[in-house]
Amino acid sequence: MRSEIPAGVKIPKGVVVLGSLNTDFVLAVPHLPRPGETVAGGSLATHPGGKGANQAVAAAKLGAPVAMVGRVGDDSFGRALRRSLIGAGVDVSGVAADPAAASGAALILVDPQAENAIAIAPGANAQVGQADVERALSLLSAGDLLVLQLEIPLAAVEHAGRQAQRGGAQVLLNAAPAAPLSDDLLRTVDVLIVNEDEAASISGLAGEQAGRELRRRGASAVITTRGSQGVVVEGERRIGLPAHEVTAVDTTAAGDAFVGGLAAALAAGANLVTGARLGSAVAAAAVTRHGAQSSLPDRKELLRITGLDWEAALAQAGTATHTR
């Protein structure tokens, strides 16, 4: 995963993503349909996606050394998903082709305000288990980052979190889609990333109380994303960060862009607040373009769209940077 790093250059932390890979079927509609309503839309677009794969691509395009671990079907969709990851510079040696399950798929409707409705057929993602966790752990070294989400079985997430913590890795959990989380799992989490609805669903509380409750239950730090209202970082202090002002056309991958940007920044040595600030810029850039992985920016695109210079921002925060 680190073979491309030139001699004498400081080695950044590695990022291992254990999670989902899906093919996204995206349809633009004049409005999101109500129950029982049929809505005629535009042309159907197909994009590589899945929360895990999106986050891996987002981090890799920003220069982090990233490995993806998960499952696809032994089908044309699975092969296309692997090619997209490889094209972004992601190590796919940990992505298994499952002969007994189809590749995962997501059906996404997007309205003119860039709001969306998503339904997922998990396919091979539902088969992620012990063997996949062991592959992910074999790629981790002490101090590396393990990035998890909840589009794979919760048992795999819990096992990976426990074992990664014991091995000295940092655990980032994007608790999406929301599901009940045990205190034992939260105690393995260094950074929990949720949106406001997910925070309320998991904690049973709203607003500021949600983040405090999730920290009380075990998460070392909680980042709550709030769309155009920015993000809130809760560690030793509670810090609010504003969002970048952009014109959104598709918010499908906004959360994944944030997580991938955060992971890439932490891998480069950024502190949590700087990482959240950079992640917010990556998310802002992503929502200005259609699709999931196709919307994720590299450093030059991030500068062009948001005006944020990735390397300068890291240097200003006193961190070392690395160029792939």
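As a starting point, this report considers the structure included with it. Since we're looking at a predicted model, the values are computed, not measured.

1. Considerations on the overall build of the chain
- A tally of helices and strands in the chain yields eleven helices and 13 strands.
- A globule of 324 residues ought to have a C-alpha radius of gyration of about 20 Å, and the chain, at 18 Å, matches this closely.
- Counting over 324 residues, the chain shows a buried share of 52%.
- Across the chain, contacts joining residues at least 24 apart in sequence account for 67% of those joining residues at least 6 apart.
- A total accessible area of about 13500 Å² is found for the chain, and carbon and sulfur atoms account for 51% of it.

2. Notes on helix α9 (residues 272-286)
- If you check α9, its first and last C-alpha atoms are 21 Å apart, about what 15 residues at 1.5 Å a residue would give, namely 21 Å.
- Counting buried positions along α9 gives twelve out of 15 residues, so the element sits mostly inside the fold.
- Within the sequence span of α9, burial applies to T274, G275, A276, L278, G279, S280, A281, V282, A283, A284, A285 and A286.
- Residues of α9 that are buried in the fold lie against β11 (221-225), β12 (231-234), β13 (238-241), α8 (254-267), α10 (299-306) and α11 (310-316).

3. Thoughts on the sheet that holds strand β7 (residues 116-121)
- Taken in spatial order, the four strands make up an open sheet running β3-β2-β6-β7, and their pairing is mixed. Looking at which strands have only one partner, the edges of the open sheet turn out to be β3 (44-49) and β7. When strand polarity is set aside, the average angle formed by the axes of neighbouring strands in this sheet is 20°.
- Where strand β2 (residues 22-28) and β3 come together, six bridges link them in antiparallel fashion. Across the sheet, N22 pairs through a bridge with G49, a residue of β3.
- Each of β2 and β3 touches helix α2 (residues 76-87); the most contacted strand, β2, lies at about 95° to it.

4. Some remarks on the packing of aromatic side chains
- Per the stated rule, a full pass over the model turns up one aromatic pair.
- Seen from their ring centres, F25 and F77 are 5.9 Å apart, and the 80° between their planes marks the pair as edge-to-face. Taken together, the residues span a long stretch of sequence, with F25 in strand β2 and F77 in helix α2 at a distance of 52 residues.

5. A look at the sheet that holds strand β8 (residues 145-148)
- Taken in spatial order, the nine strands of this open sheet run β5-β4-β1-β8-β9-β10-β11-β12-β13, and their pairing is mixed. Taken across any chain shown, the strands that pair with only one partner, and hence form the sheet edges, are β5 (91-98) and β13. Direction aside, the axes of adjacent strands within the sheet are offset by 15° on average.
- Alignment of strand β4 (residues 66-73) against β5, held across six bridges, turns out to be parallel. If you follow G70 over to β5, its bridge partner there is V95.
- Across the sheet, helix α6 (residues 196-203) touches β10 (191-195) and β11, and the angle it forms with β10 is around 110°.
- Where α9 meets the sheet, its contacts fall on β10, β11, β12 and β13, and the angle it forms with β12 comes to roughly 165°.

6. Describing the side chain of D132
- By secondary structure assignment, the location of D132 is in helix α3 (residues 130-138).
- Classification of D132 as buried rests on a relative accessible area of 0%.
- Side-chain polar atoms of D132 contact the backbone nitrogen of G129, separated by 2.8 Å.
- Every residue in contact with D132, bar those within four places of it in the chain, is listed here: L18, V69, G70, R71 and Q127.

7. A closer look at the pairing of β4
- Within β4, eight of the eight residues are buried, which leaves the element mostly enclosed by the surrounding structure.
- The alternating pattern of β4 places V66, M68, G70 and V72 on one face and A67, V69, R71 and G73 on the opposite face, and all of these are buried.
- Examined bridge by bridge, strand β1 (residues 15-18) and β4 share four bridges and lie parallel to one another. Paired with V15 across the two strands is V66, which belongs to β4.
- Chirality of the crossover, the property in question, places the unit of β4, α2 and β5 among those that are right-handed.

8. Quick notes on the pattern of salt bridges
- Evaluated as defined, the whole model comprises 15 salt bridges.
- Across the pair R212 and E208 runs a salt bridge whose closest N-O atoms are separated by 3.5 Å. Taken together, the positions of R212 and E208, both in helix α7 (residues 208-216) and four residues apart, correspond to about one turn of that helix.
- Overall, R212 belongs to the partly exposed group, its relative accessible area being 45%.
- Where R216 meets E213, a salt bridge forms, and the shortest distance between an N and an O atom there is 2.8 Å. Of this pair, R216 and E213 both sit in helix α7, three residues apart, which is roughly one turn of that helix.
- Through salt bridges with shared partners, a single network forms among R71, D98, D132 and R135.

Basis of the calculations
Residues numbered from 1 in each chain as written. Predicted model: local features only at pLDDT ≥ 70, side-chain atom pairs only at ≥ 80, totals over all residues. Heavy atoms only, no water. Helix = DSSP H or I, 4+ residues; strand = E, 2+ residues; numbered from the N terminus. Rg over C-alpha atoms; globule rule 2.2 N^0.38 Å. Buried < 20%, exposed > 50% of the residue type's maximum accessible area, 1.4 Å probe, protein only. Contact = heavy atoms within 4.5 Å. Areas by Shrake-Rupley, 256 points an atom, 1.4 Å probe, with all protein chains shown as cover. Expected span 1.5 Å × (residues − 1). Pairing = 2+ DSSP bridges. Axes fitted to C-alpha atoms, helices over the stretch in contact; angles between N-to-C directions. Phe/Tyr/Trp six-rings, centres within 6.5 Å; stacked < 30°, edge-to-face > 60°. Polar contact = N/O pair within 3.5 Å; in protein donor to acceptor, adjacent residues only side chain to side chain. Right-handed = clockwise from strand over helix to strand, strands pointing away. Salt bridge = Lys/Arg side-chain N within 4 Å of Asp/Glu carboxyl O.

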